[in-house]
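Breakdown of the fold
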Amino acid sequence: MTISSATHAISINPHNGEFLSALPWSTAQEIEQALQSAATGFRGWKQTTVAHRAQKLRDIGQALRARGEEMAQCITREMGKPIKQARAEVAKSAALCDWYAEHGPAMLAAEPTQVENHQAVIEYRPLGTILAVMPWNFPLWQVLRGAVPILLAGNGYLLKPAPNVLGCTQIIHQVFADAAIPAGVYGWLNADNQGVSTLINDVRIAAVTVTGSVRAGAAIGAQAGAALKKCVLELGGFRSVYCA
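Below you will find a few notes about this structure. In this text the structure is predicted, and so the values were computed from the model without any measurement. (Residues numbered from 1 in each chain as written. Predicted model: local features only at pLDDT ≥ 70, side-chain atom pairs only at ≥ 80, totals over all residues. Heavy atoms only, no water.)

Looking at the packing of helix α2 (residues 50-66) against helix α5 (residues 141-152)
A packed helix pair is summarised by two numbers, namely the angle formed by the two axes and the spacing between the axes. At a minimum axis separation of 9 Å, α2 and α5 run at an interaxial angle of 155°. With respect to each other, α2 and α5 are oriented roughly antiparallel. Mapping the contact onto sequence places Val-50, Arg-53, Ala-54, Leu-57 and Leu-64 in α2 and Leu-144, Val-148, Leu-151 and Leu-152 in α5. Considered class by class, the residues forming the contact of α2 with α5 number 8 nonpolar, no polar and 1 charged. (Axes fitted to C-alpha atoms, helices over the stretch in contact; angles between N-to-C directions. Helix = DSSP H or I, 4+ residues; strand = E, 2+ residues; numbered from the N terminus. Parallel < 35°, antiparallel > 145°, perpendicular 65-115°, else oblique. Contact = heavy atoms within 4.5 Å. Nonpolar A, V, L, I, M, F, W, Y, C, P; charged D, E, K, R; others polar.)

Details of the packing of aromatic side chains
As enumerated under the stated definition, the model contains 3 aromatic pairs in all. Taken together, a centroid distance of 5.7 Å and an interplanar angle of 5° make the contact between Tyr-157 and Tyr-186 stacked. With a gap of 29 residues between them, Tyr-157 in strand β6 (residues 156-160) and Tyr-186 in strand β7 (residues 186-188) connect regions that are remote in the sequence. According to the relative accessible area criterion, Tyr-157 is buried, its value standing at 1%. Taken together, the aromatic side chains of Tyr-157, Phe-176 and Tyr-186 make up a single cluster linked through ring pairs. Here Lys-81 stacks its cationic end above the ring of Phe-138, 3.7 Å away from the centre of that ring. Cation over ring: Lys-92 sits above Trp-141, and NZ or CZ is 4.2 Å from the ring centre. (Phe/Tyr/Trp six-rings, centres within 6.5 Å; stacked < 30°, edge-to-face > 60°. Buried < 20%, exposed > 50% of the residue type's maximum accessible area, 1.4 Å probe, protein only. Lys NZ or Arg CZ within 6 Å of the ring centre and 35° of its normal.)

Here's the deal with the pattern of salt bridges
In the structure shown here, the tally under the stated rule is 10 salt bridges. Residue Arg-67 pairs with Glu-70 through a salt bridge whose shortest N-O separation is 3.0 Å. Given the relative accessible area of 22%, Arg-67 is considered partly exposed. Assessed through its relative accessible area of 39%, Glu-70 is described here as partly exposed. The partner of Lys-81 in a salt bridge is Glu-89, with the nearest N and O atoms 2.6 Å apart. Here Lys-81 matches Glu-89 in class, with each residue buried. (Salt bridge = Lys/Arg side-chain N within 4 Å of Asp/Glu carboxyl O.)

Considering the environment of Arg-125
Within the secondary structure, Arg-125 is located in the loop between β4 (118-122) and β5 (129-133). Since its relative accessible area comes to 65%, Arg-125 is described here as exposed. As for Arg-125 and Asn-201, which are separated by 76 residues in sequence, their C-alpha atoms are 22 Å apart. Looking at Arg-125, its side chain comes within polar contact range of the side chain of Glu-123, at 2.7 Å. (Polar contact = N/O pair within 3.5 Å; in protein donor to acceptor, adjacent residues only side chain to side chain.)

Overview of empty space enclosed by the protein
For the structure shown, the criterion picks out 1 cavity of 30 Å³ or more. Space inside the largest cavity adds up to approximately 30 Å³. Among the secondary structure elements, those contributing two or more residues to the lining of the largest cavity are α2 and α6 (166-178). In terms of residues, the lining of the largest cavity owes the most to one element, α6, which gives 3 residues. Along the lines of polarity and charge, the residues of the lining of the largest cavity split into 8 nonpolar, no polar and no charged. (1 Å grid on protein atoms, 1.4 Å probe; cavity = no way out; pocket = protein on both sides within 12 Å on 5 of 7 lines; lining within 4 Å. Points joined across faces, edges and corners; volume = space filled by probe spheres on them.)

Structural notes on unusual backbone geometry
Even without being glycine, Glu-116 reaches a positive phi, approximately 50°. One can find Glu-116 in the loop between β3 (111-115) and β4. With phi around 60°, Ala-180 is a residue other than glycine that occupies positive phi space. Structurally, Ala-180 is set in the loop between α6 and β7.

Considering the pairing of strand β9 (residues 230-235)
Residues Cys-231, Leu-233 and Leu-235 of β9 are buried on one face, while the alternating residues Lys-230, Val-232 and Glu-234, pointing to the opposite face, are not. Bridge analysis of strand β8 (residues 205-212) against β9 gives 6 bridges, and the strand direction is parallel. Counterpart to Val-210 in the pairing with β9 is Leu-233. Of the crossover connections in this fold, the one passing from β8 over helix α8 (residues 214-226) to the parallel β9 is right-handed. (Pairing = 2+ DSSP bridges. Right-handed = clockwise from strand over helix to strand, strands pointing away.)

With respect to the packing of α2 against helix α4 (residues 83-107)
Running from N to C, α2 and α4 cross one another at 165°; their axes reach a closest spacing of 8 Å. Put simply, α2 runs roughly antiparallel to α4. Judged by the twist between their axes, the crossing of α2 over α4 is left-handed. For the pair α2 and α4, contact is made by Val-50, Ala-54, Leu-57, Arg-58, Ile-60, Gly-61, Leu-64 and Arg-65 and by Val-90, Ser-93, Ala-94, Ala-95, Cys-97, Asp-98, Tyr-100, Ala-101, Glu-102 and Pro-105, respectively. Partitioning the contact of α2 with α4 into residue classes produces 12 nonpolar, 2 polar and 4 charged. (Left-handed = near helix turned anticlockwise from the far one by under 90°.)

Honestly, that's just the spatial picture; any functional story needs more than this.
Shown next as structure tokens:
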């Protein structure tokens, strides 16, 4: 049977051309289930304390270190990064969890201020579930560098990964499960372009972040703008755009 990229996300070892895996694109039912789970997860997560979330980040870092070699080997196998660099990506990502656990709560503390000679307070409140469309070149780091501060701030995180690194994506999902992150707070979907459009236009998605090509960013940014969703675009390594 021939497997087509029109119906499946396909992963092939770039070093030797070995077929690794194929996964059907998410169905409309799977997308709806993920959105329901994300909405439920966010409602509970936003009620937790920042201190609790910070501890969960430490748990994610520990869980990642426990699966560090498994993760590094998968990075090398799926996207071709030398194993030394893959292990460094794992170590850097785990350190990120620790850093935000230690320093992040202070960034979210309420800030007294003056407004027209009246005392006021600036507060940082969760937005909702953030849709993240991420690339293949740093299959762990790109996910965690966004997910970690997003979760610390009380938001949910729904990942749409690059189709050739789904093995890495599945390990990341298991890391979050190992750290006992509640269901729906972190999730992922193997969505195609139509699936991404569906997610952007759903009211249960509060904002969108994309790292990828200029073409992908232009398409997703246009859809996010039409849906009046906040978006952050990092495009091709030389264009960064924030849309509020």
